[in-house]
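Here's the letter readout for the chains.
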Amino acid sequence: MSSVVVVGTQWGDEGKGKIVDLLTRYADFVVRFQGGNNAGHTLVVDGKKFVFHIIPSGILYEDKMCMIGNGVIIDPGVLISEMDKLEHQGLRVSPDRLMISERAHLIMPYHASLDQAREAALSESNKIGTTGRGIGPCYMDKVGRVGITAGDLLDDDLFREKLKIAVEDKNFLLTQKFKVAPLEFDEIYRLFQGYAEKLTPFYGNVSVELDKARKKNQNILFEGAQGTQLDIDHGTYPFVTSSNTIAGNACNGSGFGPAHIDAVVGIMKAYTTRVGAGPFPTELFDETGNELQEKGFEFGATTGRRRRCGWLDGVVVNDAARLNGLTGLAITKLDVLSGQENIKFATSYTLNGKTISAMPANIQQASSVAPTYESLEGWKEDITNVRQYDDLPSQAKEYIRRVEDFTGVPADIVSVGPDRAETLLLTNPFDK
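Overview of the structure.

**Comments concerning the packing of helix 2 (residues 76-88) against helix 6 (residues 185-199)**
The geometry of a pair of packed helices is captured by two quantities: the angle between their axes and the separation between those axes.
And step 1. Between helix 2 and helix 6, the least distance of the axes is 10 Å, while the angle of their chain directions is 45°. Considering the angle they form, helix 2 stands oblique to helix 6. Classified by chirality, the crossing of helix 6 by helix 2 is left-handed. Taking contact as the criterion, the partners of P76, G77, L79, I80 and M83 in helix 2 are, on helix 6, F192, Y195, K198 and L199.
And step 2. Tallied by class, the residues present in the contact of helix 2 with helix 6 amount to 7 nonpolar, 1 polar and 1 charged.

Here it is, written out as C-alpha cells:
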C-alpha cells in the first residue's frame, strides 16, 4: 500500500491533471482534497480532450474510486454539469465511482455575486484576479462558521434555516455596500432541492473509507489543485487562492493521517506561467514569451485567460520542494522549449543589492526582485515522439539534471507532449 500526493510547484497550470491521470492506473482511490471549480485540469487521451474542474481526473478509469474530500468547496450546478458532460462523452459517473464528503462546503449563488461585486469595487491596481466563482466568499463563510455543507442538504429544516439567515445577511451586503440586486430565497431553495435529489446518493464519509482502504493495503492518490505559490499561507499573498494548496492539506482536506503519506510528487512546468495579477519575477515581455505562450497554448482551462509566461524560476521550485517535502518531480511541457537556442533558469533573486533564495513574504518586495539567471544550451529536435529517456537530446537531459541538482529532488516523470502516451515514467512514486 502506498499513498501519493500530487501538488503544483508554481502558480498552477503545471499539468497536474495529466500526471494524476498517468498515476491513476496504479491507484485504487483518487482523492481531490482542496479548492473548487476555480481549478481546471485538462487531459488529452487518444486525441480526445477532457477538462475537469471538480471531479478528480482519475474518473477516466472506470475501475477506480474517486473522492471529493471535505477540503473541497463544491458548486453543485457545476459538478452536475460536469457529470452530464462526461456522460455525453461516454463516461457515466455513478455512486460506485464517485464519493462526495458530507463535510464539503457548498458554493452558493450569493458567494459568486459577492466575489464579483468585491472585485469590481477594487481599483485596477488592487484587483486580485479572482475567477469570480465564489471561492473566496465560500471559504470565508466556512472559517466564519456560517457555511452550508453538502450534508446540510440531507436535513431540509436545517438547510432552510441556514439559507434564510445567509440570504438575509448577503443581500444586505449586496444591496447596501455594493449596490447590486439582491437574490431570492425561494429561487435558491428550489434550485438546491433539485441538487440534493441528484447528489445525495453520492454522499459518504471519505475519511472512513480511506482508512478502510489503507488497512486493505490499497493505493491512494491525492490530487491537489492550483500551485504552491497560490497557497493562502505560503504563496504570494494576497494574490493567492483561498485554500492551502501544499501537500500537508491532503491530510486536512480528506481526513487522512499524515503518518500514512509515502510520497509527494511536485508537478513542475519546464518554464513558468501565471494567470491573473501578482508578482512573477521571471516573466517575459518579449518574443520568447510570446513563443512559449503560443506553442504551449497557454490559456487557463477555467477562465480562458491568457497565461503570462517566463523562464523557469528555480527559487519558486525550491520553495515548493521545502514546503511540500517533495520526493519527486514531474517535469511537464518540456517539448515547448524545443527550438530555443538558449534556455534560462533563475537560480536566485537580487533585492536591494542582496542575494535572496526564497520568495519574499512582503508583496512589494516580491514584486521588486530581479532574477539571477544561468543559461543552458537548448535543443532543436521535436521530442514529442520520444518514448525513452535515453532518446532525449543531450541538452534536454542536461536541463533535467540541472533542475534535479538545483532542487535536490529527482525527476520521476517527464512529459514531452499533451497526450497520455507522451509521458516518460522514470520512477513510479507508488514504488517508493
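Picking up after the structure, the text goes on.
**Brief notes about the packing of helix 5 (residues 156-177) against helix 6**
And step 1. Packing of helix 5 against helix 6 leaves a shortest axis separation of 10 Å and a crossing angle of 145°. Handedness of the helix 5/helix 6 crossing: right-handed. When helix 5 is examined against helix 6, the residues D156, F159, R160, L163, K164 and V167 are found in contact with a partner set consisting of F185, I188, Y189, F192 and Q193.
And step 2. Each residue belonging to the contact of helix 5 with helix 6 can be placed in one class, and the counts come to 7 nonpolar, 1 polar and 3 charged.

**Observations concerning the sheet that holds strand 11 (residues 263-269)**
And step 1. The 10 strands lie next to each other as 9-7-5-2-10-1-11-15-19-20, forming an open sheet whose pairing is mixed. At either margin of the open sheet sits one strand with a lone partner, and together these are strand 9 (203-204) and strand 20 (423-425).
And step 2. As judged from the 4 bridges shared by strand 2 (residues 29-32) and strand 5 (residues 65-68), these two strands associate in the parallel manner. Residue pairing across strands places R32 opposite I68, the latter belonging to strand 5.
And step 3. Strands strand 1 (3-8), strand 2, strand 10 (220-223), strand 11, strand 15 (328-332), strand 19 (411-415) and strand 20 of the sheet are contacted by helix 1 (residues 16-24), whose axis makes an angle of about 165° with strand 1.

**Some words on unusual backbone geometry**
And step 1. Cis peptide bonds are those with omega within 30 degrees of zero, and the linkage from Y237 to P238 qualifies with 10°.
And step 2. Within the secondary structure, P238 is located in the loop between strand 10 and helix 8 (249-252).
And step 3. Backbone geometry at K179 places phi at a positive 60°, although glycine is not the residue there.
And step 4. Here K179 shows up in the loop between helix 5 and helix 6.
And step 5. For N352, which is not glycine, the phi torsion reads 55° and is therefore positive.

Quick notes on the rules
- Residue indices begin from 1 for each chain and proceed along its sequence in written order.
- Given that the model is predicted, a residue must reach a pLDDT of at least 70 before its local features are reported, and side-chain atom pairs must reach 80 or more before they are shown or counted; all residues, however, enter totals for whole chains, interfaces and linings.
- Side-chain descriptors were evaluated using all non-hydrogen atoms of the structure, hydrogens and water having been removed beforehand.
- Every angle, taken between N-to-C directions, lies between 0 and 180 degrees, and every axis is a line fitted to C-alpha atoms, over only the stretch in contact when it is a helix.
- By definition, any uninterrupted DSSP run of H or I lasting at least four residues is a helix, any uninterrupted run of E lasting at least two residues is a strand, and each is numbered from the N terminus.
- If an angle is under 35 degrees, it is roughly parallel; if it is over 145, roughly antiparallel; if it lies from 65 to 115, roughly perpendicular; otherwise it is oblique.
- A crossing counts as left-handed when the near helix is turned anticlockwise from the far one by less than a right angle, and as right-handed when that turn is clockwise.
- Working rule for contacts: check all heavy atoms of both residues, and any pair within 4.5 Å makes them a contact.
- For this classification, the nonpolar set comprises Ala, Val, Leu, Ile, Met, Phe, Trp, Tyr, Cys and Pro, the charged set comprises Asp, Glu, Lys and Arg, and every other residue, Gly included, is treated as polar.
- Paired strands are those between which DSSP finds at least two bridges.

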